[in-house]
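Listed below, chain by chain, are the residues.
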Protein chains: 10
Amino acid sequence: MLKGIPAIISPELIKVLMEMGHGDEIVLADANFPAASKARRLVRCDGHNVPDLLEAILKYFPLDTYVKKPVVLMEVVAGDSLEPVIWKKYHDIIKKYNNGSSAIEYLERFEFYNRASRAYAIVTSSEMALYANIILKKGVVSE
Amino acid sequence: MLKGIPAIISPELIKVLMEMGHGDEIVLADANFPAASKARRLVRCDGHNVPDLLEAILKYFPLDTYVKKPVVLMEVVAGDSLEPVIWKKYHDIIKKYNNGSSAIEYLERFEFYNRASRAYAIVTSSEMALYANIILKKGVVSE
Amino acid sequence: MLKGIPAIISPELIKVLMEMGHGDEIVLADANFPAASKARRLVRCDGHNVPDLLEAILKYFPLDTYVKKPVVLMEVVAGDSLEPVIWKKYHDIIKKYNNGSSAIEYLERFEFYNRASRAYAIVTSSEMALYANIILKKGVVSE
Amino acid sequence: MLKGIPAIISPELIKVLMEMGHGDEIVLADANFPAASKARRLVRCDGHNVPDLLEAILKYFPLDTYVKKPVVLMEVVAGDSLEPVIWKKYHDIIKKYNNGSSAIEYLERFEFYNRASRAYAIVTSSEMALYANIILKKGVVSE
Amino acid sequence: MLKGIPAIISPELIKVLMEMGHGDEIVLADANFPAASKARRLVRCDGHNVPDLLEAILKYFPLDTYVKKPVVLMEVVAGDSLEPVIWKKYHDIIKKYNNGSSAIEYLERFEFYNRASRAYAIVTSSEMALYANIILKKGVVSE
Amino acid sequence: MLKGIPAIISPELIKVLMEMGHGDEIVLADANFPAASKARRLVRCDGHNVPDLLEAILKYFPLDTYVKKPVVLMEVVAGDSLEPVIWKKYHDIIKKYNNGSSAIEYLERFEFYNRASRAYAIVTSSEMALYANIILKKGVVSE
Amino acid sequence: MLKGIPAIISPELIKVLMEMGHGDEIVLADANFPAASKARRLVRCDGHNVPDLLEAILKYFPLDTYVKKPVVLMEVVAGDSLEPVIWKKYHDIIKKYNNGSSAIEYLERFEFYNRASRAYAIVTSSEMALYANIILKKGVVSE
Amino acid sequence: MLKGIPAIISPELIKVLMEMGHGDEIVLADANFPAASKARRLVRCDGHNVPDLLEAILKYFPLDTYVKKPVVLMEVVAGDSLEPVIWKKYHDIIKKYNNGSSAIEYLERFEFYNRASRAYAIVTSSEMALYANIILKKGVVSE
Amino acid sequence: MLKGIPAIISPELIKVLMEMGHGDEIVLADANFPAASKARRLVRCDGHNVPDLLEAILKYFPLDTYVKKPVVLMEVVAGDSLEPVIWKKYHDIIKKYNNGSSAIEYLERFEFYNRASRAYAIVTSSEMALYANIILKKGVVSE
Amino acid sequence: MLKGIPAIISPELIKVLMEMGHGDEIVLADANFPAASKARRLVRCDGHNVPDLLEAILKYFPLDTYVKKPVVLMEVVAGDSLEPVIWKKYHDIIKKYNNGSSAIEYLERFEFYNRASRAYAIVTSSEMALYANIILKKGVVSE
């Protein structure tokens, strides 16, 4: 543990975040995501929810400003009538760390899986909200 | 061993079940299934039958509600006139844990083998009943 | 993730808990414990506190009734005037799962380190309370 | 699986039993034995009880007639007033396979642990009876 | 790279710093320290000086308050008349991060080497000042 | 398989026999010998008896004439009244290949085990005769 | 070394010859053959010529009678006017061990290389005669 | 193979000879030497005799002039009445390459074994002459 | 080091040269050749120039007479007006060892790279002359 | 290769030199030194002489000023009457790079071997001069 670094960020997670560069992507996966069968690098964060992880990560992790939509969510599957309530939280957190903008791309479920399987890492969580998976594309650290 | 977890579930089996996510599949194989030659991950449960394993696993493992038929059985091979008696037990157990539904897909023998070889894991058993192999697709844990 | 198993318990943690037998010991370490330099097996639970881990683990993990004091805490170092407030919580949780008893042994800091280095596993946490390290000796699962 | 070999005997277990020779020892451990921390070779048989394993193993495994007591049980710990009821079953099974004799040595708990840690293998089980651990010394196959 | 984390701290260095616990030690070695022949874990920071590393590390790394002197410097070798000018800087940086205190232990050169070889890690630098090696004992993160 | 080389000699066995030099020892172990727990190199010849192996091996393998007794048998254990009938066969085979001489050393059971554990290799067999283990010391090939 | 086995046959060579089965091929390569860059298994016999190796090998190694031409030589390259004198020796040795027959196939240089690179093994020699490479296809051991 | 280098010297042998320095020793072992059980590095030269190897090696390999006796032979074992005829050849070859001198040390059999097991390498041969093992101590290449 | 073998030829280099056969190729690369990224086997000869290596190697290494041009140089890149002066030396050395002939093929830069990447080995040097890379195809050793 | 770094210094050599710190030692070994049997790390520089290596290395490598004699040579063996002429060159080179001083320790041959075997690395050369081995103790880089 270190002073000032949120406890939710493990030694392995911060190392992975630092190794990533402009354009690399990381997936924050909810409790039901098939992470172990899809990840190139798997970082387990059992017991945590995604908003806490997202808030802690975005404190350090710039979003890519070279693409229109540096954040990806999984589209609601046809037939599912729910409105994912967690998305509101994501918008708020992303806006807070991204100059008030939260431009988000929506991908069909299996396209999302494919993109996740090419990401630099997948972070598992115990997030129980539905449609809570989120992909972040790293931007340029400029300060 | 731990309090309350069925003894039939080994440390390795519960770890595999926990790592799986939405859409990942697991095969419960009978005594004659060519599991060792086909499995990406092999969990041996020698001496146990499939209904006991199925009952213990479904206590923890939700079936996928995003597909019509989250359970797969192997079709009786043409020319085989038997009616697999174990299927009745499977229907009862699955209904009990799946809201009274047991929608099942039937696959031709070699298609079943192919699908099994892509599953997250194969669990061997000593089930002697014929046509007793079963594939389960994991659903969403929502409680 | 599985139905009914607390999200805070990772696949690796439950596997380790199940592998342990009567008399084996596990350390729940606070955020400042030198776990990486001392553990025979290290299970990271960054971001969690010890009471949550303790509560989740004791649901499954019986304490040893063959020794007088199956729980070990680290003695307050001479000169430290504090009264570790977290101990009250530990007493309550342990009593709840141990038939109303919370018989605890206190070990001097470096003796505690030595015993921890011989334990079956050390679980790291982000517990910020002082003197929050705790060793549990596994008892007999009898139900 | 093979014709005539009890399903409870896994491929790994029969391999280990066959590799053993005169004087080598195997431990059948109950659900609470600290097997993972003590074994030179570990064979997991989760979900099974010891009498079933013992019966299946002694069908193939001769006991040593060159020592007075080829079977070892763990002495009841001082203060424990119970009479281990499973021992009656063991006596019966051993007599059946050992010419009506069941000469047994009793070892104090920690001496039993030491001897187990030098055995050729430890077989875990889910036996819930107390004092159900048993060490078998292999004899000479003479037919 | 991440926002707000000094660029001088590499992914590997921050991981090592986070893994360390209360009482673990790290060596910041000058350009002439025989680090490769002595380290249990070696983290290279070529091109940097120790004051910059020290400043960056102490922002995150608390010094041990359970020992009188949590910082160790290498004693000037007998016959060397110099007054290591860099020590002034170290005093200032340590005071700044250690509540105005900079209690320092001085070890003879070869005792310093021995202690360094038991540390959790050695960080190499390109510090050219003489007698610039410094050992830090990690304290308790309490905020 | 090759022309003229007895089928009982496996590729691995003949390689081991050829690698051995003057004074190196090999153990032909009976079905009950604890070979797997004692051998530096283990060559399995399941299904074969020792006289067949001995006959096939001595066709190629000279006995050491620099020691009085280049062959070692295991002494009958005190209390065992049997006369090992297989020894007669060994004498005949050894005499046939050793110029009519069969000078044999007898070692107490546990000394025999120790010597076996230092041999160049142990060959397992399925020999059912009692006291059928035999150690051969390689001599000089002189033709 | 063993009695009666030609010294020119190394432990590794006899093991390779015994492992081969019906239809497997071995190349005896002359001093100039690019064996190290082409062989799946390489057995070095530096300092020996091919006729000595061929004579020693054919004593044990049957030629395939299921093909018309179980022996392959390399065709003289167009423009090379020489008549490879060593072929006469090969014919004589092969006839001696192959019931008076020496049916031989001739392959163009690069086809010979391709076939050699698929052989079970290539045996290097120091044979200086030109066009001295020879491939042998193993037959059935029937005695 | 290369121009001018004797075919009997394999790529591995010349590499070993070149790596050796002043004072390092190499053993040329006869067909009966227990080389595989004693060598730190083993170079097989099956099928060759020691005088041919010795002649080829001494063309490149200087003997040590800093010790009185840079060559070691194995003493005839007490009771063996033979006069090793091969020694005459060794004297002649050594004199030819060593300025007419062949100063030789004789070591008792088991002392010879010990010294051989510390040598830089042991070269096996198929030399059938008795007492044909020879140790060479490398001298200084001075031209 | 050995008597008579040029010091510039390392143990590893001579082993590689000896292992090569008829038609195998070796590259002598200048100081600027991307050898480490292209070589199947890399032999470093830092500090040496190519003419010295070429002279030492050709003493042992015959050039292929079965192709018209057993030597390959890299064509001067279009636009480069220089005349590679080192080629004169190469011609002289090659003629000296190749019966007065120095038939050379010229390959375009990237074709040269491709061919080099398929060679048996690449030898690095510190040759500073431009266009100094040279490929040698091994011929037949016939003496 | 890089601008300004002598070609004689290989990538591996400069890496080793850079890793070394104050007090670590390196051996420059002559062509006859038993380097391969003694080195903890071996860097081959075949074909080069020691003065060239020494000159190139000392350009980068400071000698230790904390010991009286940072350079070690091997004492002339008793009975050897020669005066090692190369020492004059060493004195000159060392003086040039060491402020006009060449304080040298002389060690008896076998003590020199022992010290060399504890050095950080041994660099082999093809230096033919006698008594040309030299140990350098690294000093402090202070500019």
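Here the structure is shown first, and the text comes after it.
A quick note: this is a predicted structure, and the numbers were derived from the prediction, not measured. (Residues numbered from 1 in each chain as written. Chains lettered and ligands numbered in written order. Predicted model: local features only at pLDDT ≥ 70, side-chain atom pairs only at ≥ 80, totals over all residues. Heavy atoms only, no water.)

Considerations on the pattern of salt bridges
All names here are of chain I.
Item 1. Applying the stated criterion across every chain, the model contains 70 salt bridges over all chains.
Item 2. For Arg-115, the salt bridge identified is with Glu-105, shortest N-O distance 3.3 Å. A residue pair is termed long-range when its members are at least 10 positions apart, and Arg-115 in helix α5 (residues 109–118) and Glu-105 in strand β4 (residues 104–107) qualify at 10 residues.
Item 3. For Arg-115, a relative accessible area of 15% corresponds to the buried category. (Salt bridge = Lys/Arg side-chain N within 4 Å of Asp/Glu carboxyl O. Helix = DSSP H or I, 4+ residues; strand = E, 2+ residues; numbered from the N terminus. Buried < 20%, exposed > 50% of the residue type's maximum accessible area, 1.4 Å probe, protein only.)

Quick look at the environment of Asp-24 of chain E
Item 1. Assignment of secondary structure puts Asp-24 of chain E in the loop between α1 (11–19) and β1 (25–29).
Item 2. Relative accessible area serves as the criterion here: at 9%, Asp-24 of chain E is assigned to the buried category.
Item 3. Each C-alpha atom, one on Asp-24 of chain E and one on Tyr-97 of chain E, is 18 Å from the other, the two residues being 73 residues apart in sequence.
Item 4. When neighbours within four sequence positions are excluded, Asp-24 of chain E is seen to be in contact with Pro-34 and Ser-37 of chain C together with Tyr-120, Leu-136, Lys-137 and Lys-138 of chain E. (Contact = heavy atoms within 4.5 Å.)

Considering helix α3 (residues 86–97) of chain J
Residue and element names in this part refer to chain J.
Item 1. In a regular helix each residue adds 1.5 Å, so 12 residues correspond to 16 Å; α3 covers 17 Å between its end C-alpha atoms and thus fits that length.
Item 2. All of the buried residues in α3 are Ile-86, Trp-87, Tyr-90, Ile-93 and Ile-94. Buried positions in α3, seen along its axis, are confined to an arc of 125 degrees and lie on one side of it. Exposed and facing more than 90 degrees away from the buried side of α3 are Lys-88 and Lys-96.
Item 3. On its buried face, α3 is in contact with α2 (50–58), β3 (71–74), β4 (104–107) and β6 (134–137).
Item 4. Note on α3: the residue one or two positions beyond its end, Asn-99, has a positive phi of about 60 degrees. (Expected span 1.5 Å × (residues − 1). Arc of directions from axis to C-beta.)

Considerations on the interface of chain C and chain E
Item 1. On the chain E side, the residues contacting the 13 residues of chain C number 14 residues.
Item 2. Taking both sides of the interface into account, the surface hidden between chain C and chain E amounts to around 1000 Å²; carbon and sulfur atoms contribute 49%.
Item 3. When residues of chain C are sorted by the area they lose upon contact with chain E, Asn-32, Arg-109 and Met-128 of chain C head the list and together hold 44% of the total.
Item 4. For the pair chain C and chain E, the interface holds zero salt bridges. (Buried area = accessible area lost by both parts, 1.4 Å probe.)

Some words on the interface of chain F and chain G
Item 1. Counting residues at the interface gives 24 residues for chain F and 23 residues for chain G.
Item 2. By the criterion of area lost to chain G, the three top residues of chain F are Leu-2, Lys-3 and Met-18 of chain F, representing 38% of everything that side buries.
Item 3. Across the chain F-chain G interface, the total number found is zero salt bridges.
Item 4. Across the contact surface, chain F and chain G share eight residue pairs in polar contact (both at pLDDT 80 or more).
Item 5. Among the elements that take part in the side of chain F that touches chain G, helix α1 (residues 11–19) of chain F stands out by supplying seven residues, more than any other.
Item 6. When the residues that make up the side of chain F that touches chain G are grouped by side-chain class, the tally is 15 nonpolar, two polar and seven charged. (Polar contact = N/O pair within 3.5 Å; in protein donor to acceptor, adjacent residues only side chain to side chain. Nonpolar A, V, L, I, M, F, W, Y, C, P; charged D, E, K, R; others polar.)

Some thoughts on the pairing of strand β6 (residues 134–137) of chain C
Residues and elements named next belong to chain C.
Item 1. Of the two faces of β6, both are covered, the one formed by Ile-134 and Leu-136 as well as the one formed by Ile-135 and Lys-137.
Item 2. Inspection of the sheet shows strand β1 (residues 25–29) paired to β6 by four bridges, in the antiparallel sense. Bridging across to β6, Leu-28 finds its partner in Ile-134.
Item 3. By the bridge criterion, three bridges tie strand β3 (residues 71–74) to β6 in an arrangement that is antiparallel. Across the sheet, the residue bridging to Val-72 is Ile-135, located in β6. (Pairing = 2+ DSSP bridges.)

A few points about the sheet that holds strand β5 (residues 121–124) of chain E
Residue and element names in this part refer to chain E.
Item 1. Taking strand neighbours across the sheet as the criterion, the six strands line up as β2-β5-β1-β6-β3-β4 in an open arrangement whose pairing is mixed. Edge positions in the sheet fall to β2 (42–44) and β4 (104–107), since each has one partner strand and no second. The sheet shows a mean angle of 20 degrees between the axes of neighbouring strands, direction not considered. (Axes fitted to C-alpha atoms, helices over the stretch in contact; angles between N-to-C directions.)

What to know about the relation of the copies chain C and chain E
Item 1. Mapping chain C onto chain E leaves a residual RMSD of 0.1 Å; the transformation is a rotation of 60 degrees accompanied by 0.1 Å of translation along its axis. Given the turn and translation reported, the copies of this chain are related as if by a six-fold rotation axis. Minimal C-alpha distance to the rotation axis in chain C is attained by Arg-40 of chain C, lying at 17 Å. (Least-squares fit on C-alpha atoms with pLDDT ≥ 70 in both.)

Considerations on the arrangement of the chains
Item 1. Without any contact between them, chain B and chain G keep their closest C-alpha atoms 24 Å apart.
Item 2. Nothing in chain F touches chain J; the tightest C-alpha to C-alpha distance between them is still 25 Å.

Quick look at the packing of helix α2 (residues 50–58) of chain E against helix α3 (residues 86–97) of chain E
All names here are of chain E.
Item 1. Here α2 crosses α3 at 10 degrees, and the two axes come no closer than 10 Å. Relative to α3, α2 is oriented roughly parallel. Across from Val-50, Pro-51, Leu-54, Glu-55 and Leu-58 in α2, the residues of α3 making contact are Ile-86, Lys-89, Tyr-90, Ile-93, Ile-94, Lys-96 and Tyr-97.
Item 2. Looking at side-chain class alone, the contact of α2 with α3 contains nine nonpolar, no polar and three charged residues. (Parallel < 35°, antiparallel > 145°, perpendicular 65-115°, else oblique.)

Details of the sheet that holds strand β4 (residues 104–107) of chain B
All names here are of chain B.
Item 1. Reading across the sheet, the six strands line up as β2-β5-β1-β6-β3-β4 and stay open at both edges, with mixed pairing between neighbours. Edge positions in the sheet fall to β2 (42–44) and β4, since each of these pairs with one other strand and no more. When strand polarity is set aside, the average angle formed by the axes of neighbouring strands in this sheet is 20 degrees.
Item 2. Packed onto the sheet, helix α1 (residues 11–19) meets β1 (25–29), β2 and β5 (121–124) and runs at close to 140 degrees relative to β2.

Brief notes about unusual backbone geometry
Item 1. The backbone of Asn-99 of chain G sits at a positive phi, close to 60 degrees, despite the residue not being glycine.
Item 2. Looking at where Asn-99 of chain G falls in the secondary structure, it is placed in the loop between α4 (86–97) and β4 (104–107).
Item 3. On the basis of relative accessible area, Asn-99 of chain G is assigned to the exposed category, the value being 78%.
Item 4. The phi dihedral of Tyr-131 of chain H is positive, around 55 degrees, even though this residue is not glycine.
Item 5. Its location among the elements puts Tyr-131 of chain H in the loop between β5 (121–124) and β6 (134–137).
Item 6. Here Tyr-131 of chain H falls in the buried class, since its relative accessible area comes to 6%.

Thoughts on the pairing of β4 of chain E
All names here are of chain E.
Item 1. By the bridge criterion, four bridges tie strand β3 (residues 71–74) to β4 in an arrangement that is parallel. The partner of Leu-73 across the bridge, within β4, is Tyr-106.
Item 2. Read from β3 through α3 to β4, the crossover connection turns out right-handed. (Right-handed = clockwise from strand over helix to strand, strands pointing away.)

Looking at the relation of the copies chain F and chain G
Item 1. Of the two same-sequence chains, chain F is brought onto chain G (RMSD 0.1 Å, axial shift 0.0 Å) by a rotation of 179 degrees. Given the turn and translation reported, the copies of this chain are related as if by a two-fold rotation axis. By C-alpha distance to the rotation axis, the residue of chain F lying nearest is Lys-15 of chain F, at 3.0 Å.
Item 2. An overlap of 96% is found between the interface residues of chain F and their copies at the interface of chain G, pointing to a shared contact surface.

As for the side chain of Ser-125 of chain D
Residues and elements named next belong to chain D.
Item 1. By the secondary structure assignment, Ser-125 is in the loop between β5 (121–124) and β6 (134–137).
Item 2. Ser-125 sits in the buried class, given a relative accessible area of 6%.
Item 3. In terms of polar contacts, Ser-125 uses its side chain to reach the backbone amide nitrogen of Glu-127, at 3.1 Å.
Item 4. If sequence neighbours within four positions are ignored, Ser-125 has contacts with Ala-29, Asp-30, Ala-31, Cys-45, His-48, Val-50 and Leu-53.

Focus on the environment of Leu-136 of chain D
All names here are of chain D.
Item 1. Relative to the helices and strands, Leu-136 resides in strand β6.
Item 2. Note: C-alpha distance between Leu-136 and Arg-44 (92 residues apart in sequence) is 17 Å.
Item 3. Every residue in contact with Leu-136, bar those within four places of it in the chain, is listed here: Asp-24, Glu-25, Ile-26, Leu-28, Leu-54, Ile-57, Leu-58, Phe-61, Leu-63, Pro-70 and Val-71.

Things to note about the packing of α1 of chain B against helix α1 (residues 11–19) of chain C
Item 1. Relative orientation of the contacting elements α1 of chain B and α1 of chain C amounts to 165 degrees, with a least axis distance of 9 Å. The orientation of α1 of chain B with respect to α1 of chain C, classified from their angle, is roughly antiparallel. Along this stretch, α1 of chain B crosses α1 of chain C, giving a crossing that reads as right-handed. Seen from α1 of chain B, the contacting residues are Pro-11, Glu-12, Ile-14, Lys-15, Met-18 and Glu-19 of chain B; seen from α1 of chain C, they are Pro-11, Glu-12, Ile-14, Lys-15, Met-18 and Glu-19 of chain C. (Left-handed = near helix turned anticlockwise from the far one by under 90°.)

Things to note about helix α3 (residues 50–58) of chain A
In an α-helix, one full turn covers 3.6 residues, which means residues spaced three or four apart are oriented alike.
Residues and elements named next belong to chain A.
Item 1. Judged by how many residues are buried, α3 sits mostly within the fold: seven of nine residues are covered.
Item 2. Along α3, the residues classified as buried are Val-50, Pro-51, Leu-53, Leu-54, Ala-56, Ile-57 and Leu-58.
Item 3. Turning to α3, the residues buried within the fold contact α1 (11–19), β1 (25–29), α4 (86–97), β5 (121–124) and β6 (134–137).

A word on the packing of aromatic side chains
Here a ring pair, both rings aromatic, is described through the centre-centre distance and the interplanar angle of the planes.
Item 1. Overall, the coordinates contain 40 aromatic pairs over all chains when judged by the stated rule.
Item 2. Their ring planes at 75 degrees and their centres at 6.1 Å tell us that Phe-33 of chain C and Phe-112 of chain C sit as a pair that is edge-to-face. You can see Phe-33 of chain C sitting in the loop between β1 and β2 (42–44) and its partner Phe-112 of chain C sitting in helix α4 (residues 109–118), a full 79 residues away along the chain. Taken as a pair, Phe-33 of chain C and Phe-112 of chain C share a single burial class, namely buried.
Item 3. Ring geometry for Phe-33 of chain D versus Tyr-113 of chain D: centroids 5.4 Å apart, planes at 85 degrees, classification edge-to-face. (Phe/Tyr/Trp six-rings, centres within 6.5 Å; stacked < 30°, edge-to-face > 60°.)

That is the geometry; function is a separate question.
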